[in-house]
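Here are the chains, one letter per residue:
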Amino acid sequence: MIVYLTEQGSYISISGDRIIVKKGVNTIGIFLTKDTDQIIIMGNISISTQAIKHLLKNKIDVVFTTYSGQYMGRLVPELGKNIILRRLQIQKLSVTKHKIKFARAIVLAKLENSIATLRKLNYYHKSEEVSHILNKLIPIRKEIPSIEDLPTLLGYEGNVANIYFSAFDYLVKGPIKFEKRTRRPPKNEFNALLSFGYTILLNLVRTTVNTVGLDPYYGSYHAEEYGRPSMVLDLMEEFRPVAIDYLVISILNKNIITGSDFIIDKDNEELPVSLSIYGRKKYIGLIEKRFNSYFWYEPKKKKMLLKDIVRYQTYLFAKAIIEDSEYVGFRF
Amino acid sequence: MKKYYLISYDISDDRIRYRVDKELKNYGIRVQKSVFECNITDAEYVKLKEKLDNLIDMNTDSIRYYFLCKHCRDSIQNVGNSFINNDKIFEII
């Protein structure tokens with residue numbers, strides 16, 4: 001069970017084998033240690049030393065994020081001990097030949113998933129423009145395997161993202177429109193949903209990267225930069241359309257999330273649009289439901305939960321590094 | 001693989017009852033004064049049973065373990081001030 005704590009000013013303590021969340025004198029949640037896998041602490045929530053010790057001892061993953069879901073750090077019972085894997089990762093990904101191989105697989109998987117997402121959404125909408133955009137995207141699929149250097153690949157990816165995002169406005173019918181992708185800060189409701197969703201997804205992938213024992217900061221497709229978790233961003237790329245984009249468009253079309261779930265503050269430069277407390281809880285619930293839904297998974301030839309697929313893909317990446325084999329991204 | 005147990009006790013000594021209670025609270029959810037519902041693995045069941053066996057007085061007290069299959073569990077009915085306990089995969093507070 002994953003526990004998200006968003007209630008500001010609450011307090012985590014331990015009684016016996018139970019995790020108890022209190023606000024003031026009221027107990028707002030009791031969880032059994034044996035059932036809890038991960039606790040995500042969002043914002044100003046205090047935790048006692050006793051509780052920290054208990055959670056470390058029972059190997060419960062505790063992630064600290066800001067109120068808006070931005071990752072800050074985690075309690076690590078023991079860091080990934082697989083130094084051999086980490087050495088191989090840095091060795092392999094330093095060689096351009098291997099680096100480009102992994103980067104290509106990632107970009108290709110993202111493109112395939114983008115196409116599949118648009119197709120699935122367009123099945124109901126039957127918009128001319130979207131089929132037009134799909135026709136532009138499909139030929140790129142054949143060009144990617146022959147690209148040999150990273151800057152060209154990056155150019156292709158940027159191009160693909162632009163074309164892909166331009167289809168969104170034809171797919172949402174409600175009052176909330178996509179307009180264009182804005183981040184840091186997101187400037188409208190649609191972008192606020194995307195950004196918040198991506199941060200939650202990032203936290204999930206980060207956990208799996210940590211458990212597998214890969215180094216989160218050294219990736220293949222994203223260039224290394226101070227403090228940027230390139231490996232995590234790499235592995236997350238192929239899940240963006242499947243996990244978040246599809247979800248955002250469908251919940252907006254079904255009017256599950258509406259304008260009243262947002263707080264709009266035009267004077268605030270840093271965060272002009274944000275989700276309200278109620279909206280955040282609702283949206284986290286929807287994302288978790290998406291993570292816990294079944295998808296056909298080709299390598300295992302069976303249906304698996306999306307979050308298990310994310311974990312398995314990370315294992316496949318590590319395996320591809322060790323065995324020097326081809327990495328194949330997840331296909332939606 | 002987790003299994004669903006309904007555990008009820010009848011214990012006369014206050015001190016022993018308190019201890020049994022404390023132990024059961026870590027494994028499941030109290031649905032009535034002396035009835036617990038626990039969703040536990042076989043290993044946890046063995047551990048819990050061993051702990052409780054050592055606590056109680058075999059001459060006066062009793063603990064009953066009922067194993068509920070999935071079908072039995074889905075057909076639980078309750079009347080009055082009570083709730084049906086279903087396991088969640090995530091929880092937002």
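For the structure itself, consult the block above.
Residues numbered from 1 in each chain as written. Chains lettered and ligands numbered in written order. Predicted model: local features only at pLDDT ≥ 70, side-chain atom pairs only at ≥ 80, totals over all residues. Heavy atoms only, no water.

K.L.:
Which parts of the structure should I look at to understand unusual backbone geometry?
P.N.:
In most cases, non-glycine residues show a negative phi, while peptide bonds are predominantly trans. All names here are of chain A. Phi is positive for N255, close to 60°, though the residue is something other than glycine. For N255, the position within the fold is in the loop between α9 (240-253) and β9 (262-264). Here N255 falls in the partly exposed class, since its relative accessible area comes to 48%. At K301, a residue that is not glycine, the phi angle is positive and equals roughly 55°. Counting through the fold element by element, K301 comes out in the loop between β11 (294-297) and β12 (302-305). (Helix = DSSP H or I, 4+ residues; strand = E, 2+ residues; numbered from the N terminus. Buried < 20%, exposed > 50% of the residue type's maximum accessible area, 1.4 Å probe, protein only.)

K.L.:
Teacher, can you tell me more about the interface of chain A and chain B here?
P.N.:
Listed as interface residues are 23 residues of chain A and, on the opposing side, 14 residues of chain B. Taken together, the two surfaces of chain A and chain B that pack against each other cover about 1500 Å², and 60% of this comes from carbon and sulfur. If you sort the residues of chain A by the area they bury against chain B, M1(A), R18(A) and K34(A) come out on top, with a joint share of 33%. Joining chain A to chain B, the criterion identifies zero salt bridges. Where chain A touches chain B, the interface holds three residue pairs in polar contact (both at pLDDT 80 or more). Those elements that provide at least two residues to the side of chain A that touches chain B are β1 (2-5), β4 (26-32) and α10 (277-291) of chain A. In terms of residues, the side of chain A that touches chain B owes the most to one element, α10(A), which gives five residues. (Contact = heavy atoms within 4.5 Å. Buried area = accessible area lost by both parts, 1.4 Å probe. Salt bridge = Lys/Arg side-chain N within 4 Å of Asp/Glu carboxyl O. Polar contact = N/O pair within 3.5 Å; in protein donor to acceptor, adjacent residues only side chain to side chain.)

K.L.:
It is not clear to me how the pattern of salt bridges should be interpreted in this structure. Could you clarify?
P.N.:
Side-chain pairing between opposite charges can occur once the charged atoms of the two side chains come close. By the definition in use, this model includes twelve salt bridges over all chains. We note a salt bridge from E7(A) to K281(A), for which the minimum N-O separation is 3.6 Å. Note that E7(A) is positioned in the loop between β1 and β2 (11-15) and K281(A) in helix α10, a separation of 274 residues in sequence. Judged by relative accessible area, which is 26%, K281(A) ranks as partly exposed. D14(B) serves as the salt-bridge partner of R17(B), at 3.1 Å between the closest nitrogen and oxygen. You can see R17(B) and its partner D14(B) sitting in helix α1 (residues 14-25), three residues apart, about one turn around the helix. R17(B) gets classed as partly exposed once you look at its relative accessible area, which sits at 29%. Within the structure, one salt-bridge network assembled from shared partners comprises K110(A), E157(A), E237(A) and R240(A).

K.L.:
When you look at the sheet that holds strand β7 (residues 61-65) of chain A in this model, what are you seeing that I'm missing?
P.N.:
Backbone-to-backbone hydrogen bonds pair the strands of a sheet. The strands run either parallel or antiparallel. With respect to topology, five strands assemble into an open sheet ordered β8(A)-β7(A)-β5(A)-β1(A)-β5(B), the strand pairing being mixed. Two strands in the sheet have a free side with no partner beyond their single neighbour: β8 (71-75) of chain A together with β5 (90-92) of chain B. Taking the axes of each pair of neighbouring strands and ignoring which way they run, one obtains an average angle of 15° across the sheet. Packing of α10(A) onto the sheet brings it into contact with β1 and β5 (38-42) of chain A together with β5 of chain B, and relative to β5(B) it is tilted by some 170°. (Pairing = 2+ DSSP bridges. Axes fitted to C-alpha atoms, helices over the stretch in contact; angles between N-to-C directions.)

K.L.:
What is the right way to read the packing of helix α2 (residues 83-94) of chain A against helix α11 (residues 306-323) of chain A from this model?
P.N.:
Think of two packed helices as two axes; the pair is described by the angle between the axes and how far apart they sit. Residues and elements named next belong to chain A. Where α2 meets α11, the axes come as close as 9 Å, and the angle between the chain directions of the two elements is 75°. If you check the angle between α2 and α11, you find them roughly perpendicular. Facing α2, whose interface residues are L85, L88, Q89 and K92, α11 presents A318, I321 and I322. For the contact of α2 with α11, the residue count by class is five nonpolar, one polar and one charged. (Parallel < 35°, antiparallel > 145°, perpendicular 65-115°, else oblique. Nonpolar A, V, L, I, M, F, W, Y, C, P; charged D, E, K, R; others polar.)

K.L.:
Can you walk me through helix α7 (residues 189-212) of chain A in this structure?
P.N.:
Each turn of an α-helix holds 3.6 residues, which means side chains three or four residues apart point in the same direction. All names here are of chain A. The first and last C-alpha atoms of α7 sit 35 Å apart over 24 residues, in line with the 34 Å expected at 1.5 Å per residue. Of all 24 residues that make up α7, 22 are buried, and the element is covered over most of its length. Looking at the residues trailing α7, positive phi occurs at G213, about 100°. (Expected span 1.5 Å × (residues − 1).)

K.L.:
Explain the sheet that holds strand β4 (residues 62-68) of chain B here, please?
P.N.:
Residue and element names in this part refer to chain B. Taken in spatial order, the four strands of this open sheet run β2-β3-β1-β4, and their pairing is antiparallel. Of all the strands in the sheet, the pair left with one neighbour each is β2 (29-32) and β4. Across this sheet, the average inter-strand angle for adjacent strands is 30°, counted without regard to direction. As paired elements, strand β1 (residues 2-10) and β4 share seven bridges and run antiparallel to each other. Directly across from S8, in β4, lies its bridge partner R64.

K.L.:
What's the story with helix α2 (residues 42-55) of chain B in this structure? I'm lost.
P.N.:
All names here are of chain B. The end-to-end C-alpha separation of α2 is 20 Å, in line with the 20 Å expected for 14 residues at 1.5 Å each. For α2, the full list of buried residues reads E44, Y45, L48 and L52. One side of α2 carries all its buried residues, which in axial view fall inside an arc of 100°. Looking at α2, the residues exposed on the side facing more than 90 degrees away from the buried face are A43, V46, E50 and N54. (Arc of directions from axis to C-beta.)

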